[in-house]
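Each chain, letter by letter, is given below.
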Amino acid sequence: MDTRNVVRFLRSLQNDPPFYEDCYEVPVCAACHNRPGVACCSHCQTAWYCSRHCRKAHYNKGHKQICCVIVEAQNRVNRMAIPLRRLFETQVGNFISFRETRAYLEACCDLMDLYVQAAQTAASNDVWEKALFYALEVQRLEATGLVEVRSVNPFLLLNLHRDDDAFNFMRYWMKSQGTLEETRDSLLPFHEGTQKGDWIYPREPKCRFLNFFETCPDRNDRNVPVEFLVALLIIKCRILVAIGATCKSANLALGSVNGQRIHEVHSTVTEMVIDGELVNIESQRQQADQLVDAIHRENAIILPAILNPAPLLNSELPQSGARAAQCEEALNVLMYCARCLLRVSGAKEMLERRFGHNPSYSV
Ligand SMILES: [Zn+2]
Ligand SMILES: [Zn+2]
């Protein structure tokens, strides 16, 4: 997405803080924020309402704008697909080799971005699913992937709480690096026989507990994209929260035993069973710390900007050079996953211990 549009959108979010803590299975009415949404906007299908009254009020209050843009983008994608029918049957995985398919891939990316914007305000998994569908689709059509979609794909999965899939996805890309031709040859078989929007990546359940850099032996935190590092940090923070909750219930369960005993248990147990997996607490914490260090070393704007976006959103941004690239990267993270990270309980406090409240930084 164009940097100026990202800034504009993020500023609008600042003025309109989220009314929800997380996405819900059942969406909340986008107008009154009080009752469950029972019917969605029949045009764009990205906003839910409790009543006709709320739907009308919201449409006139500003939904009209994004609604029209989304509908137009949907129509555009459908229209552009028609002349490509033959290529959809014979050239899946190979799309970038054809001139006429590039505009289609771009239109899908635009639609994905619009769904992300809508998802930020709709409080519904359904809209995140739509964004993910188009992200997966462009990557299915082109085996070498589109870098801009690849870097946001883990965030789409994390917003849907598919942490293992996000981990699998990142590992797939970190393991399949070579020249473009080699990559295409090795990955094309995964694309064969797939359907629109299919998940084509390996699936290893519970892999999120692993140390990412140990599972990709020739990778370290210096040659993994910074967006992946942020996604891994979210995964690790969520595991630490799960461990915290498990410790709490262990305390409750041991409540009848005397205090001394609880103390002993605490100091000896460094492993815990989470989701049926034996997890080493200390190792997970170290992985999270390592990720914070690595992200900050690669881009010193991202983590302070998550705590305090104002300097990034309100300054004149550099137009070229390394600094401009860093600002763009930071805006991307804010756009796709800052809320996702801040919603993990304790994550904000962890960052504040490191960077202070409202940290200042220059862009
Ligand atoms: Zn309502
Ligand atoms: Zn609509």
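So, here is what we can say about the structure in this document. What you see is a predicted model; the values in this text were computed from it and never measured. (Residues numbered from 1 in each chain as written. Chains lettered and ligands numbered in written order. Predicted model: local features only at pLDDT ≥ 70, side-chain atom pairs only at ≥ 80, totals over all residues.)

Secondary structure assignment for the protein yields 16 helices and four strands. Against the compact-globule benchmark of 21 Å for 363 residues, the protein has a radius of gyration of 22 Å, which places it among compact chains. Across its three principal axes, the protein shows a C-alpha extent of roughly 75 × 55 × 40 Å. When each of the 363 residues of the protein is scored for burial, the buried share is 36%. Taking all contacts inside the protein whose residues are at least 6 apart in sequence as the whole, residues at least 24 apart take part in 68%. (Helix = DSSP H or I, 4+ residues; strand = E, 2+ residues; numbered from the N terminus. Rg over C-alpha atoms; globule rule 2.2 N^0.38 Å. Buried ≥ 20, exposed ≤ 12 C-beta atoms within 10 Å, placed from the backbone. Contact = placed C-beta atoms within 7 Å.)

Our focus in this paragraph is the environment of Ala 30. In this fold, Ala 30 is placed in the loop between α1 (3-15) and β1 (39-40). When the C-alpha positions of Ala 30 and Asn 94 are compared, they lie 40 Å apart, and in sequence the two are 64 residues distant. Apart from residues lying up to four places away in sequence, Ala 30 is in contact with Gly 37, Ala 47, Trp 48, Tyr 49, His 58 and Ala 122.

Attention now moves to the pairing of strand β4 (residues 277-280). Alignment of strand β3 (residues 271-274) against β4, held across four bridges, turns out to be antiparallel. Considered in β4, the bridge of Val 273 is made with Leu 278. The antiparallel hairpin formed by β3 and β4 contains two residues in its connecting segment, where Asp 275 sits at a positive phi of about 50°. (Pairing = 2+ DSSP bridges.)

Tracing the chain through its elements places Ala 310 in helix α14 (residues 310-314). Among the residues examined, Ala 310 registers 12 C-beta atoms within 10 Å and is labelled exposed. Measuring from C-alpha to C-alpha, the distance between Ala 310 and Asn 358 comes to 9.2 Å, with 48 residues separating the pair along the chain.

Relative orientation of the contacting elements helix α2 (residues 52-81) and helix α4 (residues 99-122) amounts to 155°, with a least axis distance of 9 Å. Considering the angle they form, α2 stands roughly antiparallel to α4. Considering the relative orientation of α2 and α4, their crossing is left-handed. When α2 is examined against α4, the residues Ile 66, Val 69, Ile 70, Ala 73, Gln 74, Arg 76, Val 77, Met 80 and Ala 81 are found in contact with a partner set consisting of Ala 103, Tyr 104, Ala 107, Cys 108, Asp 110, Leu 111, Leu 114, Gln 117 and Ala 118. For the contact of α2 with α4, a count of residues per class yields 14 nonpolar, two polar and two charged. (Axes fitted to C-alpha atoms, helices over the stretch in contact; angles between N-to-C directions. Parallel < 35°, antiparallel > 145°, perpendicular 65-115°, else oblique. Left-handed = near helix turned anticlockwise from the far one by under 90°. Nonpolar A, V, L, I, M, F, W, Y, C, P; charged D, E, K, R; others polar.)

Turning our attention to helix α7 (residues 163-175). Under the 1.5 Å per step criterion, the end-to-end length of α7 is 18 Å for 13 residues, consistent within 8% with the ideal 18 Å. Residues of α7 that are buried: Asp 163, Asp 165, Ala 166, Phe 167, Asn 168, Phe 169, Met 170, Arg 171 and Trp 173. (Expected span 1.5 Å × (residues − 1).)

Such coordinate-based values are descriptive only and should not be taken to indicate function.
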